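The chain contents come next:
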Amino acid sequence: MSAQISGGPTRGAVRDRLDRVTDPELDRSIVDLEYVDGIEIDGPRVAVDLTLPTAWCSPAFAWMMAVDARDEVESLPAVEEARIRLHDHMHETEINRGVNDRLPFAEAFPDADGDVAAVRTELDEKARVARQYDAVEALLDAGLDAEAIVDCSPCDLEMTDATDTVDVYVDDRSFAVTVPNDPIERYLEKARETDLVSEPDDLLFRTPEGDPIDPESFDHVHRRGRLAQVNMSSQGGICDGLREAREGRLEGTAND
Amino acid sequence: MSEKRVMWRDIDVHCAMYQHNGEDIFVIDGHVHLWDATEENIEHEGGEEFIQCFYDYHTTFTPEERQWDMDEYREYGADRMVEDLFSNAAADMAIFQPTYLTDFYEDGFNTTEQNAELATEYPERFVLNGTFDPRDGEEGLEYLEELHEKYDVPGVKLYTAEWRGDSKGWRLDDEDAFEFLEKCQELGIENIHAHKGPTIRPLNRDAFDVADVDDAASSFPELNFIVEHVGLPRLDDFCWIAAQENNVYGGLAVAAPFAQNRPGKFSEIMSELLWWLGEDRVIFGSDYAIWNPDWLVEEVLEAELTGEHRAEYGVEWDLETKKKVMGENIADLYDIDIEAKRQAFRDDEISQQFGLGDHYASEEPAAADD
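Per an unreviewed UniProt entry, chain A carries the name Iron-sulfur cluster assembly protein and comes from Natrinema salsiterrestre.

Engineer: In this structure, what is going on with the environment of Arg85 of chain A? I would like to understand it.
Structural biologist: In this structure, Arg85 of chain A sits in strand 5 (residues 81–87). In contact with Arg85 of chain A, other than residues within four places in its own chain, are Glu40, Ala47, Val48, Asp49, Leu50 and Asn96 of chain A.

Engineer: What am I meant to see in the UniProt feature "domain: MIP18 family-like" (unreviewed entry) in chain A here?
Structural biologist: UniProt tags residues 13–82 of chain A as "domain: MIP18 family-like" (unreviewed entry). Structurally, residues 13–82 of chain A comprises 33% helix and 29% strand, and the distance from its first C-alpha atom to its last is 13 Å.

Engineer: For this particular structure, what's the right way to read the domain arrangement of chain A?
Structural biologist: How big an interface is tends to be reported as the loss of accessible area on association of its parts. Residue and element names in this part refer to chain A. Assigned domains within chain A: domain 1 (11–114) and domain 2 (117–231). Look at where the C-alpha atoms of domain 1 and domain 2 centre, and you get two points 30 Å apart. Contact residues are listed per partner, giving six residues for domain 1 and seven residues for domain 2. Interface area lost by domain 1 to domain 2 is led by Pro24, Asp27 and Met64, which between them contribute 66%. Summed over the shared surface of domain 1 and domain 2, the result is three salt bridges. Across the pair Asp27 and Arg186 runs a salt bridge whose closest N-O atoms are separated by 3.7 Å. The tally of links between domain 1 and domain 2 comes to two residue pairs in polar contact (both at pLDDT 80 or more). Counted by class, the side of domain 1 that touches domain 2 contains three nonpolar, no polar and three charged residues.

Engineer: Help me understand the side chain of Ser271 of chain B, please; the structure alone is not making it clear to me.
Structural biologist: If you trace the backbone, Ser271 of chain B turns up in helix 11 (residues 263–277). When neighbours within four sequence positions are excluded, Ser271 of chain B is seen to be in contact with Leu305, His309, Tyr313 and Val315 of chain B.

Engineer: Quick question: what am I supposed to make of the pairing of strand 7 (residues 191–195) of chain B here?
Structural biologist: Within a regular beta strand, the side chains point alternately toward one face of the sheet and then the other, so they alternate between its two faces. All names here are of chain B. Burial within strand 7 is extensive, with five of its five residues counted as buried. Taking every second residue as pointing to the same face, both faces of strand 7 are buried, with Asn191, His193 and His195 on one and Ile192 and Ala194 on the other. Pairing of strand 6 (residues 155–158) with strand 7 involves four bridges; the strand directions are parallel. Residue pairing in the sheet places Gly155 in a bridge with Asn191 of strand 7.

Engineer: For this particular structure, what's the right way to read the pattern of salt bridges?
Structural biologist: If the charged atoms of two oppositely charged side chains come close together, the side chains can form a pair. Per the stated rule, a full pass over the model turns up 43 salt bridges over all chains. Between Arg125 of chain B and Asp348 of chain B there is a salt bridge; the shortest N-O distance is 2.8 Å. Of this pair, Arg125 of chain B sits in the loop between helix 5 (112–121) and strand 5 (126–128) while Asp348 of chain B sits in the loop between helix 15 (338–344) and helix 16 (349–354), and the two are 223 residues apart along the sequence. On the basis of relative accessible area, Asp348 of chain B is assigned to the buried category, the value being 14%. The residue Arg310 of chain B makes a salt bridge to Glu316 of chain B at a minimum N-O spacing of 3.5 Å. Under the relative-accessibility criterion, Arg310 of chain B is labelled partly exposed at 36%. Using a relative accessible area of 42% as the deciding quantity, one classes Glu316 of chain B as partly exposed. Sharing partners across several salt bridges, the network here consists of Arg223 and Arg226 of chain A together with Lys265, Glu268 and Glu312 of chain B.

Reading the values: rules and limits
- Residues numbered from 1 in each chain as written.
- Chains lettered and ligands numbered in written order.
- Predicted model: local features only at pLDDT ≥ 70, side-chain atom pairs only at ≥ 80, totals over all residues.
- Heavy atoms only, no water.
- Helix = DSSP H or I, 4+ residues; strand = E, 2+ residues; numbered from the N terminus.
- Contact = heavy atoms within 4.5 Å.
- UniProt positions renumbered as here; feature names shortened; annotations may be inferred.
- Domains from an automatic or database assignment.
- Buried area = accessible area lost by both parts, 1.4 Å probe.
- Salt bridge = Lys/Arg side-chain N within 4 Å of Asp/Glu carboxyl O.
- Polar contact = N/O pair within 3.5 Å; in protein donor to acceptor, adjacent residues only side chain to side chain.
- Nonpolar A, V, L, I, M, F, W, Y, C, P; charged D, E, K, R; others polar.
- Buried < 20%, exposed > 50% of the residue type's maximum accessible area, 1.4 Å probe, protein only.
- Pairing = 2+ DSSP bridges.

Pasting the structure below:
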């Protein structure tokens, strides 16, 4: 590998951007999931090699990850162009061409029914529900009860960067509890992406359908968050297994 | 036959898996196939992709020493199937779930007619199901009647993501499908098995969306809707629907083999299912020949819920629950009298063939039979 050509991004910076891209079905980073096989930097031009667990991963999901990877890398000031090379996918030709030529999904897949935005929204909503579970768990651990939690708004939160914690004020700001920042921040990110929380006094937590939570049904709603997590991690188990089987087979072929 | 298989058989006999901890567990495998994916039968590249995809699922969740090679996987035949299911009494009965895929396979992949070869030879051991596809219109209704008259099918297996011409799937809650569900009701075909599961290349994921079951199940309260593969990767949608519709059941195919190499996940999925559906609406199926009951049944029976999950969900994977999930629940749906079956199996052809008579002879745990 040649030395960095001046003007290009560092490998670490590219990796950090890619780390923000999630597998939309699993809500996990594509870097953690080991989908990124290679990063090639040539001055301000970057190429990213991606391989998914199976050749028949939904083309819509593959498309989302490829587009997100391209856009994240291109958001680095030192990058002029990012190209995506998806490998071993049944639709790699359409996806690589579409993403690198910046076509809309419908043009890359003329015979697909339904558009990719609707699929993304559906999965984002599920990811929000799953992340809500962790955020609510943190608040329960801190001693808050259902009534207090369902009333929380963004204006009740005060982040303390130094300690990576957040103070949550309840009961008309009469007192606060301190919880880890991470689950709250992760939740807020998806709650904003799905437009559920935009104003400081919006309710922070919602049912999977997006409604305010009745304290009476708090436990049930919380269970549904857990279920959304189990669904994602189960699907992750299938994907992991299929990826291992596929790698095993490729190794077997290589050794032949 | 390889030495490896013989060796495994001996181990299995020692385990006497139908007598789990000294108690009889009558196992009805709710989801089996007798398929033909030979190259001569494939007429569309989708057929080859389909069997390759099945094979990946097979290898991913099968212990390495029990994996088949691709040739035996394409066509294993009736004798092999009987041996795999019954020779060590892994299963006591099995229910055929057809998968036609006639656009991909010249004679179909796994049709009722193909399944009938075995089902009519051993009618006491097998239940034969039919199918319908609302896109077939009048002809389809006639075919359903024909299946009813010829085989008296008590259920249908539906594949909403099946390709047909330009169509890449259909929904259970549209008007045409309702016409077929009405016909099922009229004919007394009560068990509606819908494949709602992992994407199978090259079928469309969205056509396996589980949401259409909701409307169908509430519109046909007298029918039972068994969602195969518990909706994975939409377990959350499935459980939510099942929690509200008490004629919706969860078929464990695909989730079951997690017991073998993802025991923690198995524990978690099973805990969710038992919490949302209760122990009366979860049903075992191997998905044979994707997975083989001759090792899978034991893995599932031996699986345990983690202490953490038991505490969190307040559910148990205990003997009573296992009895229900492995046989009693589906026996209720199919009006199978388990005690009468036990009597009949003391000297039926299969028990004679594999020397299983003793196992059905008494309530007492039999001594190891070798």
